[in-house]
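Observations on the three-dimensional arrangement
Residue-level listing of the chains:
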Amino acid sequence: MTAADQELHFADAGEAADLAAFLARLIHYDRAAAVRLQAGGGVLAVFGRPPSFEVLAIRTARLEAIIGTDTTTATTATTATTATTAGAAGASGPGALDTTVSAGELGDALDTARAGRTADGPEVRDRGLVVTVPKAVTGPPWAGVLPPRGGWRRVSGLPGVDEVHGAVAAAVAEFRARDAELPEERRTRAERDRIGHEIWSRTLGDTGLPLRAVHAAQSLGFLRPVRAAAPAATSAGAGGGVATATPGPTAEPLALLAAGGWLRLRTPYGSIAVRTSGLSGLSVTPA
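Residues numbered from 1 in each chain as written. Predicted model: local features only at pLDDT ≥ 70, side-chain atom pairs only at ≥ 80, totals over all residues. Heavy atoms only, no water.

1. Comments concerning the environment of Arg275
Filter applied, for reference: Every helix listed is a DSSP run of H or I at least four residues long, and every strand listed is a run of E at least two residues long, numbered separately from the N terminus.
Summarising the element assignment, Arg275 is placed in strand β11 (residues 270–275). With 15 residues separating them along the chain, Arg275 and Gly260 place their C-alpha atoms 8.8 Å apart.

2. A short note on the pairing of strand β10 (residues 262–267)
Formally: The buried label goes to any residue with under 20% of its type's maximum accessible area, the exposed label to any with over 50%, and the partly exposed label to all in between, with areas taken from a 1.4 Å probe on protein chains only. At least two bridges found by DSSP between two strands is the condition for calling them paired.
The buried count for β10 comes to six of six residues, which makes it a mostly enclosed element. Alternating positions in β10 separate into two faces, Trp262, Arg264 and Arg266 on one and Leu263, Leu265 and Thr267 on the other, with burial throughout. As paired elements, strand β9 (residues 255–259) and β10 share five bridges and run antiparallel to each other. Bridging from a neighbouring strand, Ala258 pairs with Leu263 of β10. What sits between the antiparallel neighbours β9 and β10 is a turn of two residues, in which Gly260 has the positive phi angle 50 degrees. The sheet contact formed by β10 and β11 spans six bridges and is antiparallel.

3. Description of the pattern of salt bridges
Rules: Whenever a carboxyl oxygen of Asp or Glu lies within 4 Å of a side-chain nitrogen of Lys or Arg, that contact is scored as a salt bridge.
Counted by the stated rule, this structure contains 13 salt bridges. For the salt bridge of Arg202 with Glu174, the shortest nitrogen-to-oxygen distance reads 2.7 Å. Here Arg202, found in the loop between α5 (189–200) and α6 (211–219), pairs with Glu174, found in helix α4 (residues 161–181); they are 28 residues apart in sequence, far enough to count as distant. Note that Arg202 and Glu198 form a salt bridge whose closest N and O atoms lie 3.6 Å from each other. Using a relative accessible area of 33% as the deciding quantity, one classes Arg202 as partly exposed.

All we've got here are geometric facts, nothing functional implied.
Here you go:
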């Protein structure tokens, strides 16, 4: 059975809608964007790489089940409670999923499933949603090297939310000012790229996290205010859980984690991961 023979049964339609919005943002930066999907333990993890930022973006959503269209394979949220808590993905056995698909096709599948519910009425608005997994595509190189599943530790020195927003705003303002000051003969793509690389390669305070990671988090909607909702499900594991799309009102605003040559900015709406060293300690399982 292939991934395209499987259906994702989302536990909450609101999380599916947030996932669709995330995919739309990825497509904005790359119309041919691909995403790697890994699911198990009742959680779907979606990995994407917006090329403008050189980071890995991660979103998750709770699943009630992964069901094969031939009805021979299924995994449910009940089963998930007894599954390993090391990670949302990297699961194996019946109902597990690991595939790379077109972001556009997955977004279309989500939109189609959501459109089919418009006549159901407000009483079912926040119930689950069933989406068929698109056919697999040849994955880009980044899809083969994902952050480690566990071993994450907190990194101190991360500024507060207001300071993080301020750092991004200041960097954007500096880029625009320096771009405006360029003489006409130097106003080229290469010169603008050079200025952008200089600015966005700076680190956030003393954390070692490049500003491009924070800019990506803001551009992908990960830094918006936390709305009151049900408690967030995570792909838990050694302090490395990835927050889902519907965090509760007490969700931690921001956290910075490190493991295996990676840094990860975790927010209530997703994570941004960047590699800080070579391949040592990496696996192809999600954080």
